[in-house]
Amino acid sequence: NAGVMQNPRHLVRRRGQEARLRCSPMKGHSHVYWYRQLPEEGLKFMVYLQKENIIDESGMPKERFSAEFPKEGPSILRIQQVVRGDSAAYFCASQGQGDEKLFFGSGTQLSVL
Amino acid sequence: SQQGEEDPQALSIQEGENATMNCSYKTSINNLQWYRQNSGRGLVHLILIRSNEREKHSGRLRVTLDTSKKSSSLLITASRAADTASYFCATVQTGANNLFFGTGTRLTVIP
């Protein structure tokens, strides 16, 4: 039973480009969370999704950021027109129905040049 | 913000000693969880304590929860070099599903 898979592991983008981060939850998990982490800091909640629904996006910047979790396929966190301040580690976590703990992926380190 | 605050920010101890980390939070909660993060990796769940529990044990881990003070502590007994990591508390606010993480304690265990 594979864990939460995130790819790419590292992503380098120039300012103004788009970044697409993918997350495949654990088998059978229908809840996905995205978090952002800056060096030496904790995780900042961004968005909580269930299949085909955004449940809570209160942590997402209003512009340039979007997330989806389609019926088929991985969850995608999309950042348009990246800026240097978007450089961070982005972690995805999945959760089973009725479960309370999260299972994390290894993260995507986004570097914006 | 519902985020917790861990204390201390950094802790360095000798192998074999006990390590205690504290977490304070701001809102009423359903449960509080502790996670561990090795450098550059994702977080790993360690232990969960519910709002109606006061203490919980798992191996060398002991967690306490004081809802009146909105605080929790994580004790790691007989520490090992492999315990070196960052430790985060996370809370689930009453009526919500999201986990909000604290700022973390960086633990270094010196062999």
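Right above here is the structure, for reference.
Rules and cut-offs
Residues numbered from 1 in each chain as written. Chains lettered and ligands numbered in written order. Predicted model: local features only at pLDDT ≥ 70, side-chain atom pairs only at ≥ 80, totals over all residues. Heavy atoms only, no water. Helix = DSSP H or I, 4+ residues; strand = E, 2+ residues; numbered from the N terminus. Rg over C-alpha atoms; globule rule 2.2 N^0.38 Å. Contact = heavy atoms within 4.5 Å. Buried area = accessible area lost by both parts, 1.4 Å probe. Salt bridge = Lys/Arg side-chain N within 4 Å of Asp/Glu carboxyl O. Polar contact = N/O pair within 3.5 Å; in protein donor to acceptor, adjacent residues only side chain to side chain.

J.: Which residues make up the overall build of chain B, and what values go with them?
T.: Looking only at helices and strands, one finds 0 helices and 11 strands in chain B. Each helix and strand of chain B, ordered N terminal to C terminal, gives the series β-β-β-β-β-β-β-β-β-β-β. A compact globule built from 111 residues would reach a C-alpha radius of gyration of about 13 Å, and chain B, at 13 Å, matches this within 12%. For chain B, the spread of C-alpha atoms along the principal axes amounts to about 45 × 30 × 20 Å.

J.: Requested: an account of the interface of chain B and chain A, with residues and values cited.
T.: Each partner contributes to the interface: chain B provides 21 residues, whereas chain A provides 19 residues. When the two sides are added together, the surface that chain B and chain A hide from each other amounts to roughly 1600 Å², 46% of it contributed by carbon and sulfur. It is Leu43(B), Asn98(B) and Phe101(B) in chain B that bury the most area against chain A; as a group they hold 26% of the surface buried on that side. At the junction of chain B with chain A, the criterion picks out 1 salt bridge. Between Glu100(A) and Arg50(B) there is a salt bridge; the shortest N-O distance is 2.6 Å. Across the contact surface, chain B and chain A share 9 residue pairs in polar contact (both at pLDDT 80 or more). Those elements giving two or more residues to the side of chain B that touches chain A turn out to be strand 4 (29–37), strand 5 (43–50) and strand 10 (99–101) of chain B.

These results come straight from atomic positions and should not be treated as a statement about function.
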